[in-house]
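Chain residues, written in single-letter form:
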Protein chains: 2
Amino acid sequence: MAEKSSSGGGDLPASLEAAWGLRDRPAKGPKPGLSLERIVAAAVDVASADGLAAVSMGRVAQEVGASTMSLYRYVSAKDELYVLMQEAAFGPPEPLSAPEPGAGWREALAEWASAQRDRLHAHLWLLRIPVGGPPATPNSLAWWEQGIQALEGSGLAEGDKTSVVLLVSNFVRSEAALMADLAAAVVARGVSPDEVAASYERTLKRLVDPARHPGISRLLESGAMSGPEDPDYEFTFGLERLLDGVEALIRKTDGGPRVPADGANSG
Amino acid sequence: MAEKSSSGGGDLPASLEAAWGLRDRPAKGPKPGLSLERIVAAAVDVASADGLAAVSMGRVAQEVGASTMSLYRYVSAKDELYVLMQEAAFGPPEPLSAPEPGAGWREALAEWASAQRDRLHAHLWLLRIPVGGPPATPNSLAWWEQGIQALEGSGLAEGDKTSVVLLVSNFVRSEAALMADLAAAVVARGVSPDEVAASYERTLKRLVDPARHPGISRLLESGAMSGPEDPDYEFTFGLERLLDGVEALIRKTDGGPRVPADGANSG
DNA sequence: CCCTTCTGCGTATGACATACGCGTTATTGC
DNA sequence: GCAATAACGCGTATGTCATACGCAGAAGGG
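Residues numbered from 1 in each chain as written. Chains lettered and ligands numbered in written order. Predicted model: local features only at pLDDT ≥ 70, side-chain atom pairs only at ≥ 80, totals over all residues.

Enquirer: Could you clarify how one ought to interpret the protein's contact with DNA strand C in this entry?
Expert: Inspection of the region around DNA strand C gives 25 residues, with Gly29, Ser67, Met69 and Arg73 of chain A together with Ser56 of chain B positioned closest. The dominant element in the surface near DNA strand C, judged by the number of residues it contributes, is helix H3 (residues 57-64) of chain B, at 3 residues. In terms of residue class, the surface near DNA strand C is built from 11 nonpolar, 8 polar and 6 charged. (Near = placed C-beta within 6 Å. Helix = DSSP H or I, 4+ residues; strand = E, 2+ residues; numbered from the N terminus. Nonpolar A, V, L, I, M, F, W, Y, C, P; charged D, E, K, R; others polar.)

As structure tokens, this is what we get:
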């Protein structure tokens, strides 16, 4: 596992080096016929068209008009390609609309969450990429930063801001992953989303034992699953709960004395 | 994709049929030399020892003392094995300790979340298994049911109970996945967790531009990342926020008139 | 002008999931 | 009892994939 240190100082993981564009473009050999950008763009196209599973080194190479192995002159391993794809498809955040300090944190955070969700929905395959540790790519940092900005003036401690950002970000990913799975089921079965939902309800009705599962039975009988579900419902619901929870924390923090604000062991 | 309908009525997906034990054990041919249970147990052992990636049909077969292809007499595809592994490793929920109706929903839900988290931590590879649609296996339903039970008497609508359960469950998974990635990084680099954290902080300090990332810079300067992090911190923090959010919803619901909870889900 | 360094890429390796079919074994209908 | 039948275990084959290795040609640097 030798690290190629280039222009920077220490030893960044190879994929990070690539993501930050710190790669030494050596001036010695033949001119590269390809570029990282072209390769990543091709990979993103393949993923968008046929899903992440269709992204093989061979397929990407073909798409870009080169041989499989030539890609390895630009990318050290497939994982690195994944990181770059993620970075490219997610992109940098738009500037937040309302930077009012102190008051609008709730709207700002909601907007931030929605924007993140939009990116994920535009590229559902993003959710299939295994997460490789904490954020360290340019766009990841930019989104992180923007999340912290949204909480500026909320009175939260620095660490809590990041914890909140992490919490919301994870929520958005979870919800999007759920929708992605549902969408995958729809594609796989080749029927309409309503059909899939109805089929699921039917399956549940068969499997659920009213004695063993009174709660789920009540849910099924309540008809809450039968109506045409708003695809945004769970997102909106969850986000509101989350924001309410954050609001409670903020109230606790700047209302009371300067205490670590956990509440976990408050009794 | 022909479904093998067996004892039930309709057409369950093959993996579900297996998970519910509805497979017709035909009385015709030679006695099976293996059993689903043995195979799944072996697969779980492999995953626990060497990670999910080490679970190949060949490896499992070897572990169980049979040939690769013989496994396909018990399992229709690897995905089905995954479902069964999940089911086996996650297991059924313990009975909740305090079934006081109406009051103790917060403690009950917290206990439920912690129990779920414990299972995931005991088998971190569970988080690497791609989720295959909404829950429909016996243990999934049992956990779901228990989550609903925890909210019994909270006054929430049936649909909202499930939404809350989903929200909390997703949170637990997200947080556990984060820890799993961290643990994987620790194993991969062969150093201590503190070392990994310190290394991450160093990397961040190199990449973060104080002008472009004032919030993250402030975080780094605040030293919030330097201390020995309690591995439960993010879990406890997030769970408290979530529960506060649910509490707000409950107050809104049973305090006011019987209205759909808030302005978010007007559709 | 040659030597170093980088290029694209053909070939090879080793996993892996899984389709197919064969010989074998136990049960069932007669 | 006895064949017909249906499951069994499993060897073999196929196709896909990531990627190690090494070669031949190109482009600057001395």
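Enquirer: When you look at the packing of helix H2 (residues 36-50) of chain A against helix H3 (residues 57-64) of chain A in this model, what are you seeing that I'm missing?
Expert: In a pair of packed helices, the angle between the axes and the distance between the axes together describe the arrangement. Residue and element names in this part refer to chain A. Relative orientation of the contacting elements H2 and H3 amounts to 115 degrees, with a least axis distance of 9 Å. Relative to H3, the element H2 lies roughly perpendicular. The element H2 and its partner H3 pack so that their crossing is right-handed. Each of Arg38, Ile39, Ala42, Ala43, Asp45 and Val46 in H2 lies in contact with H3, whose residues at this interface are Arg59, Val60, Glu63 and Val64. (Axes fitted to C-alpha atoms, helices over the stretch in contact; angles between N-to-C directions. Parallel < 35°, antiparallel > 145°, perpendicular 65-115°, else oblique. Left-handed = near helix turned anticlockwise from the far one by under 90°. Contact = placed C-beta atoms within 7 Å.)

Enquirer: Teacher, can you tell me more about the nonpolar core here?
Expert: Taken as a class, soluble globular proteins show a tendency for nonpolar side chains to be buried jointly. Grouped together as the largest cluster of nonpolar side chains are 124 residues, with contacts concentrated most on Ala43 of chain A together with Ile39 and Ala43 of chain B. Look past the residues within four positions of alanine 43 of chain B in its chain and what remains in contact with it is Val55, Val60, Leu81 and Met85 of chain B. (Core = buried A, V, L, I, M, F, W, Y, C linked by C-beta atoms within 7 Å. Buried ≥ 20, exposed ≤ 12 C-beta atoms within 10 Å, placed from the backbone.)

Enquirer: What is the right way to look at the relation of the copies chain B and chain A in this model?
Expert: Copies of the same chain, two in number, are related to each other by a rotation about an axis and a translation along it. Rotating chain B by 180 degrees and moving it 0.0 Å along the rotation axis overlays it on chain A with an RMSD of 0.1 Å. Read as a symmetry element, the transformation amounts to a two-fold axis. The rotation axis passes nearest to the C-alpha of glycine 245 of chain B in chain B, at a distance of 2.0 Å. Mapped onto chain A, 96% of the interface residues of chain B are again interface residues, and the two copies thus contact each other with one and the same surface. (Least-squares fit on C-alpha atoms with pLDDT ≥ 70 in both.)

Enquirer: Got a minute to help me understand the protein's contact with DNA strand D in this structure?
Expert: Taken together, 24 residues lie near DNA strand D, and Ser56 of chain A together with Gly29, Ala66, Ser67 and Met69 of chain B sit nearest. In terms of residue class, the surface near DNA strand D is built from 11 nonpolar, 8 polar and 5 charged.

Enquirer: Would you take a moment to explain the interface of chain B and chain A for this structure?
Expert: One frequent convention defines the size of an interface as the accessible area lost when the parts assemble. The interface is formed by 55 residues belonging to chain B together with 56 residues belonging to chain A. Within the residue set of the side of chain B that touches chain A, elements represented by two or more residues are helix H6 (138-150), helix H7 (158-189), helix H8 (193-207), helix H9 (214-222) and helix H10 (233-255) of chain B. With 13 residues, H7 of chain B is the largest single contributor of residues to the side of chain B that touches chain A. The residue inventory of the side of chain B that touches chain A, partitioned by class, reads 26 nonpolar, 18 polar and 11 charged.

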